[in-house]
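# Notes for the structure review
Chain by chain, the residues run as shown.
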Amino acid sequence: GAVVSQHPSWVICKSGTSVKIECRSLDFQATTMFWYRQFPKQSLMLMATSNEGSKATYEQGVEKDKFLINHASLTLSTLTVTSAHPEDSSFYICSAREGQAPWTGELFFGEGSRLTVL
Amino acid sequence: GNSVTQMEGPVTLSEEAFLTINCTYTATGYPSLFWYVQYPGEGLQLLLKATKADDKGSNKGFEATYRKETTSFHLEKGSVQVSDSAVYFCALRVSGNTPLVFGKGTRLSVIA
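Rules used throughout
Residues numbered from 1 in each chain as written. Chains lettered and ligands numbered in written order. Predicted model: local features only at pLDDT ≥ 70, side-chain atom pairs only at ≥ 80, totals over all residues. Heavy atoms only, no water. Helix = DSSP H or I, 4+ residues; strand = E, 2+ residues; numbered from the N terminus. Rg over C-alpha atoms; globule rule 2.2 N^0.38 Å. Buried < 20%, exposed > 50% of the residue type's maximum accessible area, 1.4 Å probe, protein only. Contact = heavy atoms within 4.5 Å. Areas by Shrake-Rupley, 256 points an atom, 1.4 Å probe, with all protein chains shown as cover. Salt bridge = Lys/Arg side-chain N within 4 Å of Asp/Glu carboxyl O. Pairing = 2+ DSSP bridges. Axes fitted to C-alpha atoms, helices over the stretch in contact; angles between N-to-C directions. Polar contact = N/O pair within 3.5 Å; in protein donor to acceptor, adjacent residues only side chain to side chain. Nonpolar A, V, L, I, M, F, W, Y, C, P; charged D, E, K, R; others polar.

## Quick look at the overall build of chain B
Of regular secondary structure, chain B possesses zero helices and twelve strands. The C-alpha atoms of chain B give a radius of gyration of 13 Å, which matches the 13 Å a tight globule of 112 residues would have. Projected onto its principal axes, the C-alpha positions of chain B cover 45 × 25 × 20 Å. By residue count, 44% of the 112 residues in chain B fall in the buried class. When contacts within chain B are restricted to residue pairs at least 6 apart in sequence, those whose partners lie at least 24 apart make up 56%. Total accessible area on chain B stands at roughly 5,200 Å², and carbon and sulfur atoms take up 48% of it.

Below, the structure is given as structure tokens:
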């Protein structure tokens with residue numbers, strides 16, 4: 001199947017710094033990417049839907065100024081956690097799909113990026 | 001709202017044991033149901049899916065039946081292997097243009 005790659009796989013940063021996580025579709029064009037966050041022993045929670053060339057759509061309760069999402073090309077979306085705090089420590093996963101809604105194809109996931117904020 | 005509840009883990013089984021991971025859902029309309037698996041160090045992969053009531057999804061010896069009357073989609077495998085050790089996520093999608101809603105995940109460890 002198609003491959004979605006995230007980088008970095010894990011990152012440790014100091015409180016107050018910003019961290020960028022990349023999500024790339026390696027062998028297909030991802031018109032839409034989704035960013036999920038997973039707390040320990042919790043569900044994967046959708047943070048935002050990212051469409052290429054337009055602003056991301058954030059879920060209720062997600063701070064768009066804190067979690068900046070950019071989807072500048074059909075193969076790359078980035079999530080930047082700005083002014084990170086320890087409560088932002090989490091596992092972030094992206095997923096991607098080809099084409100336009102309504103989708104009938106499979107959703108492909110990255111490996112996830114574990115962020116630890118000290 | 002839409003939600004998925006799956007049994008909490010971790011689940012530890014001996015090789016060749018029977019596996020059941022329970023999953024129930026709440027949804028508006030008629031969702032499609034999925035099981036995803038995440039092997040260590042890898043991303044989530046679709047394991048199987050069912051799009052309407054009474055459908056049975058199956059793959060790699062795993063199967064799950066879409067039970068509308070009990071709003072369930074339990075994952076089963078008759079004989080697990082060490083290589084099945086992973087985290088399993090139950091998920092639903094209400095329509096083609098909505099994102100997936102996931103359960104919390106169940107970690108399965110199979111010991112030889």
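Having seen the structure, we can now continue with the description.
## Remarks on the pattern of salt bridges
Residues and elements named next belong to chain A. The final tally for this structure, using the stated rule, is five salt bridges over all chains. The shortest N-O distance in the salt bridge between K66 and D88 comes to 2.9 Å. Highlighted residues: K66 in the loop between β6 (57-58) and β7 (67-73) and D88 in the loop between β8 (76-81) and β9 (90-97), separated in sequence by 22 residues. There is no split in this pair, since K66 and D88 are both buried.

## Some remarks on the sheet that holds strand β3 (residues 19-21) of chain B
Residues and elements named next belong to chain B. Within the open sheet, the four strands sit side by side as β3-β9-β8-β7. Their pairing is antiparallel. Since the sheet does not close on itself, it has two edges, and those belong to β3 and β7 (56-59), each with one partner. On average, each strand axis in the sheet is tilted by 15° relative to the strand beside it, whichever way the strands run. Here strand β8 (residues 62-65) pairs with strand β9 (residues 75-77) via three bridges, running antiparallel. Paired with E63 across the strands is E76, a residue of β9.

## Concerning the interface of chain B and chain A
Many descriptions give the size of an interface as the accessible area lost when the pieces come together. The partner chain A presents 21 residues to the 18 residues of chain B that form the contact. Counting the contacts that link chain B with chain A gives zero salt bridges. Where chain B meets chain A, there are three residue pairs in polar contact (both at pLDDT 80 or more). Secondary structure elements with two or more residues in the side of chain B that touches chain A: β5 (32-38), β6 (44-50) and β10 (86-93) of chain B. Residue composition of the side of chain B that touches chain A, grouped by class: seven nonpolar, seven polar and four charged.

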